[in-house]
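# Structural description and commentary
Spelled out, the chains give:
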Amino acid sequence: MSSIASQYGNLINLAGISIPSSGDNKAQYAIEIIKSKEFLKHLLTFDSVKINLVAVNGYNKIDNSLKYDKKIYDIDKNTWIKSPSFKNQQEPSYLEVYEDFFINNLRVNHDKNSNFINISFEHPSPDFAYELLNLIYYEINNLTRVKDIETSNRSIDYLKDRLSETQQKEITQSINSLISSQLKIQMLATTRDDYILSIIDKPYIPEKESSPIRWMYSLIGLFLGLILSSLYFLTRHYLYKK
């Protein structure tokens, strides 16, 4: 493909064909999609994703159930409740969900040496975080697959039209080569589930909480308690003496 691109670059540009990039570029492309607002907007079309991102404020380990903030969402009536944090509507927009509940809890790290991507999500419910990561993995592969197939079909249609218009042997050969490359793209997109991302280590539900770190909070509480107690007794002693 690189040699074809160098020889027939203008024709490729006219056809709207994207040359497969290096692994590093593909990894960065996948990361930017995952972190994009449009991708979250797509994820919010799935049942309960928005509710679980916005309204959950607790998790019951015993029965793996979610606790919902009644000031935000009425789980019994399945209705959103107007919250001061929402701009001008009862239900939060995808932009509000992105800025306040999604991007700050999403962690995407790219190791440029190994070209591996590590994705994690922080949420009160480890079960929901697990399901969301699986959904992210599946949908980024699915969306890029569909997009590339559609682009490839348009490119093939264009190339076939150009092929019918020319009689020059060299141009005919180059167009046939480009059509062949587009058919390979369609073959890969159709036959591979791991189209843009392939899982090395599957998402899992952690056995330990990532937060809050209780021992740290206890230590801070003890430290603050000692300071406040000391200030109280010093102030009392000073006032009594005075």
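Residues numbered from 1 in each chain as written. Predicted model: local features only at pLDDT ≥ 70, side-chain atom pairs only at ≥ 80, totals over all residues. Heavy atoms only, no water.

### Structural notes on the environment of Lys26
Structurally, Lys26 is set in helix 3 (residues 23-34). Take Lys26: its relative accessible area is 40%, and that puts it in the partly exposed class. For the pair formed by Lys26 and Ile196, sequence separation is 170 residues and the distance between their alpha carbons is 7.4 Å. (Helix = DSSP H or I, 4+ residues; strand = E, 2+ residues; numbered from the N terminus. Buried < 20%, exposed > 50% of the residue type's maximum accessible area, 1.4 Å probe, protein only.)

### Looking at the pattern of salt bridges
For side chains bearing opposite charge, pairing can occur when the charged atoms are close. In this structure the tally under the stated criterion is 1 salt bridge. In this structure, Lys50 and Glu91 form a salt bridge, with 3.0 Å as the shortest nitrogen-oxygen distance. You can see Lys50 sitting in helix 5 (residues 49-54) and its partner Glu91 sitting in the loop between strand 4 (79-80) and helix 6 (94-102), a full 41 residues away along the chain. Looking at Lys50, the relative accessible area reads 14%, which means it is buried. (Salt bridge = Lys/Arg side-chain N within 4 Å of Asp/Glu carboxyl O.)

### Points about the packing of aromatic side chains
Taken as a whole, this structure holds 3 aromatic pairs when the rule is applied. Summarising the aromatic geometry, the rings of Tyr73 and Trp80 are spaced 5.0 Å apart at their centres and angled 75° between planes, so their arrangement reads as edge-to-face. Judged by relative accessible area, Tyr73 falls into the buried class, the value being 5%. Aromatic pair Tyr98 and Phe102: ring centres 6.2 Å apart, planes at 35°, arrangement tilted. In this pair, Tyr98 and Phe102 are both assigned in helix 6, 4 residues apart and thus about one turn of the helix distant. The two residues Tyr98 and Phe102 agree in class, both being buried. (Phe/Tyr/Trp six-rings, centres within 6.5 Å; stacked < 30°, edge-to-face > 60°.)

### So, the pairing of strand 2 (residues 65-68)
Pairing geometry for strand 1 (residues 56-60) and strand 2, over 4 bridges, is antiparallel. Of the residues in strand 2, the one forming a bridge with Asn60 is Ser65. Where strand 1 folds back onto strand 2 in an antiparallel hairpin, the turn is made up of 4 residues, including Asn64, whose phi is positive at roughly 55°. (Pairing = 2+ DSSP bridges.)

### Details of unusual backbone geometry
Positioned with a positive phi, Ser48 is a non-glycine residue whose angle comes to about 70°. Judged by relative accessible area, Ser48 falls into the partly exposed class, the value being 39%. One non-glycine residue, Asn78, adopts positive backbone phi at about 55°. Position of Asn78 among the secondary structure elements: in the loop between strand 3 (73-74) and strand 4.

### What to know about the packing of helix 7 (residues 126-165) against helix 8 (residues 169-191)
Between helix 7 and helix 8, whose axes approach to 9 Å, the crossing angle comes to 160°. The angle between the axes of helix 7 and helix 8 places the two elements in the roughly antiparallel class. Handedness of the helix 7/helix 8 crossing: left-handed. On helix 8, the residues that touch Arg145, Ile149, Ser152, Asn153, Ser155, Ile156, Leu159, Lys160, Arg162 and Leu163 of helix 7 are Thr172, Ile175, Asn176, Leu178, Ile179, Gln182, Leu183, Gln186, Ala189 and Thr190. Residues belonging to the contact of helix 7 with helix 8 are distributed by class as follows: 9 nonpolar, 8 polar and 3 charged. (Axes fitted to C-alpha atoms, helices over the stretch in contact; angles between N-to-C directions. Parallel < 35°, antiparallel > 145°, perpendicular 65-115°, else oblique. Left-handed = near helix turned anticlockwise from the far one by under 90°. Contact = heavy atoms within 4.5 Å. Nonpolar A, V, L, I, M, F, W, Y, C, P; charged D, E, K, R; others polar.)

### Brief notes about the nonpolar core
In this structure, Leu53, Phe102, Leu132 and Ile140 are the most contacted members of the largest nonpolar core, which totals 32 residues. Where this core is concerned, the elements lending two or more residues are helix 3, helix 4 (37-43), helix 5, helix 6, strand 5 (106-111) and helix 7. Among the elements that make up this core, the one with the highest residue count is helix 7 (7 residues). With near-sequence residues (within four places) excluded, Leu53 lies in contact with Leu40, Leu44, Val97, Phe101, Phe102, Phe121, His123, Phe128 and Leu132. (Core = buried A, V, L, I, M, F, W, Y, C linked by side-chain atoms within 4.5 Å.)

### Quick word on the confidence of the model for the chain
Of all residues in the chain, 75% have pLDDT values of 70 or greater, and the mean over the chain is 80. Segment residues 1-20: pLDDT under 50, and 29 contacts once partners within four positions in sequence are set aside and those in other chains are kept. Considering only residues more than four positions removed or in separate chains, one finds that residues 213-218, a stretch of pLDDT under 50, has 2 contacts. (pLDDT = per-residue confidence, 0-100.)

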